[in-house]
Amino acid sequence: MYQAKAFSAASANDPLAPDTIQRRDTTDRDVRIEILFCGVCHSDLHTVRDEWNSIMPTTYPCVPGHEIVGRVVEVGSAVTAYKAGDLVGVGCLVDSDHTCDACKLDVEQFCPNGVFTYNAPDKHLGGVTFGGYSESIVVDETFVLRIPTNLDPAGAAPLLCAGITTYSPMRRWGDIKGKKVGVVGLGGLGHMGVKFARAFGAHVVVFTTSPGKKEDALRLGAHEVIISTDAEQMQQHAGTFDFILDTISADHDINAYVGMLGLDGNITLVGAPEKPMPVSAFALLFGRKSISGSLIGGIAETQEMLDFCGEHGITSDVEVIPIQKINEAYERMLKSDVKYRFSIDMNSLQTG
């Protein structure tokens, strides 16, 4: 084992603070990565504050971070895909059992024995896994991803979660070129959904409650913007959408958006409201509409997404911060005071 600098939370009520954690030495299948940037996901905040206790309680100390971009500094003897100096990424997963049906289908995120990048049982060192708010990480090569070198590393970091979360359901739904696609919400997830839908050739419409976001939505690639609190605007577009990506985590009326779908239209949830949402059966029956959910993506699909971003020059819009401002960033994130994702410059661990 070796020691690594990190920022961790000691309890649900404590702010993130400097810490030293243990990392395993590189095994024959491992890649050791010096972390350059780590995106800040809303899941980090939920986990640090133990807000998902009923589903996945937090074990402390907690080192969050699953949007990691860094440089390879060491590889194990059996590693062939990577070498020192490569620009790589690590997303929400660092291991799985490799044998279950989900793994065989390249959807490791549904593996019953999958290991999340943080706050999951660490089969190597015991305790739980520690994430990317640290200076380095050691990961099985199977779960390391290649980052296109033409992408800005700070903006590429959020692709490892926000990117694949929005890319995957659009790809799975089918060819959306020429289709009318809606994106509900223009935040960390929504702004990536707009970029991908536009790159796929869709007619992109953003639903937002904030008129002030219209200009930015158009800048990001939307063709139209609907103020969802305006009943007249909503009625004008009712029954015309082929696909809608719902990125909202706050409680909201999903039936309003089901009403926007046309025949065989689908709305996919990637946000996770805390409370169950009532759904009108009649709204689904009339039009043969469907509601589905989506959770990140498998390793192969995540690499496909990264390659697509390299080809199209897609990154997240980020505000780069030093790790010392992470607690302030959490409070700002709660207020939606960021366009559209924080990315931590991990070099600040050495200087702060």
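Look up: the structure comes first, before these words.
What counts and what doesn't
- Residues numbered from 1 in each chain as written.
- Predicted model: local features only at pLDDT ≥ 70, side-chain atom pairs only at ≥ 80, totals over all residues.
- Heavy atoms only, no water.
- Helix = DSSP H or I, 4+ residues; strand = E, 2+ residues; numbered from the N terminus.
- Buried < 20%, exposed > 50% of the residue type's maximum accessible area, 1.4 Å probe, protein only.
- Phe/Tyr/Trp six-rings, centres within 6.5 Å; stacked < 30°, edge-to-face > 60°.
- Lys NZ or Arg CZ within 6 Å of the ring centre and 35° of its normal.
- Contact = heavy atoms within 4.5 Å.
- Pairing = 2+ DSSP bridges.
- Axes fitted to C-alpha atoms, helices over the stretch in contact; angles between N-to-C directions.
- Polar contact = N/O pair within 3.5 Å; in protein donor to acceptor, adjacent residues only side chain to side chain.
- Salt bridge = Lys/Arg side-chain N within 4 Å of Asp/Glu carboxyl O.

A. Inspection of unusual backbone geometry at higher detail. Cis geometry marks the peptide bond from Tyr-60 to Pro-61; its omega dihedral reads 0°. Positive phi, close to 60°, is recorded for Asp-264, a residue that is not glycine. Mapped onto the fold, Asp-264 is located in strand 14 (residues 261–269). Residue Asp-264 is classed as partly exposed on the basis of its relative accessible area of 38%.

B. Region of the structure containing the packing of aromatic side chains. Tallied over the full model, the rule gives 10 aromatic pairs. Geometrically, the ring pair formed by Phe-196 and Phe-308 is tilted, given 6.3 Å between the ring centres and 50° between the ring planes. Here the residue Phe-196 occupies a position in helix 5 (residues 190–199), and Phe-308 occupies one in helix 10 (residues 299–312), the gap between them amounting to 112 residues. For the residue pair Phe-196 and Phe-308, the accessibility class agrees, reading buried in each case. Ring centres of Phe-282 and Phe-286 lie 6.4 Å apart, and the angle between their planes is 25°; on these two criteria the pair is classed as stacked. By way of ring pairs, the aromatic residues Tyr-167, Phe-196, Phe-200 and Phe-308 are connected into one cluster. Above the face of the Tyr-2 ring, Arg-32 is positioned so that its terminal group lies 3.7 Å from the ring centre. In this arrangement the basic side chain of Lys-180 is found over the ring face of Phe-241, its NZ or CZ atom lying 4.6 Å from the centre.

C. Representation of helix 5 within the structure. Taking burial as the measure, the 10 residues of helix 5 include 8 buried ones, the bulk of the element. By the burial criterion, the buried members of helix 5 are Gly-190, His-191, Met-192, Gly-193, Val-194, Lys-195, Phe-196 and Ala-197. Of the surrounding secondary structure, the elements contacted by the buried residues of helix 5 are helix 4 (162–173), strand 10 (180–184), strand 11 (203–208), helix 6 (214–220), strand 13 (241–246) and helix 10. Within two residues after helix 5, Gly-201 carries a phi angle of roughly 90°, on the positive side.

D. Main features of the sheet that holds strand 13. Ordered in space as 12-11-10-13-14-15, the 6 strands form an open sheet in which the pairing is parallel. The strands lining the two open edges of the sheet, one partner per strand, are strand 12 (224–227) and strand 15 (290–293). Pairs of neighbouring strands in the sheet enclose a mean axial angle of 20°, with direction left out of account. As judged from the 4 bridges shared by strand 11 and strand 12, these two strands associate in the parallel manner. In the strand pairing of strand 12, Val-206 is matched with Val-225. Helix 4 rests against strand 13, strand 14 and strand 15 of the sheet, and its axis sits at about 155° to strand 13.

E. Region of the structure containing the side chain of Thr-165. Take Thr-165: it is sitting in helix 4. A polar atom in the side chain of Thr-165 sits 2.7 Å from the backbone oxygen of Cys-161. Apart from the residues within four sequence positions on either side, Thr-165 is in contact with Leu-189, Val-270 and Ile-296.

F. Inspection of the pattern of salt bridges at higher detail. Within the structure shown, the criterion is met by 16 salt bridges. Across the pair Asp-216 and Arg-219 runs a salt bridge, and its minimum N-O distance is 2.7 Å. Separated by 3 residues within a single helix, Asp-216 and Arg-219 lie in helix 6, roughly one turn from each other. Among the ionic pairs, Lys-339 bridges to Asp-216, the shortest N-O distance being 3.9 Å. Here Lys-339 is found in the loop between helix 11 (326–334) and strand 17 (341–345), whereas its partner Asp-216 is found in helix 6, with 123 residues between them in sequence. Relative accessible area serves as the criterion here: at 55%, Lys-339 is assigned to the exposed category. The exposure class assigned to Asp-216 is buried, which follows from its relative accessible area of 11%.

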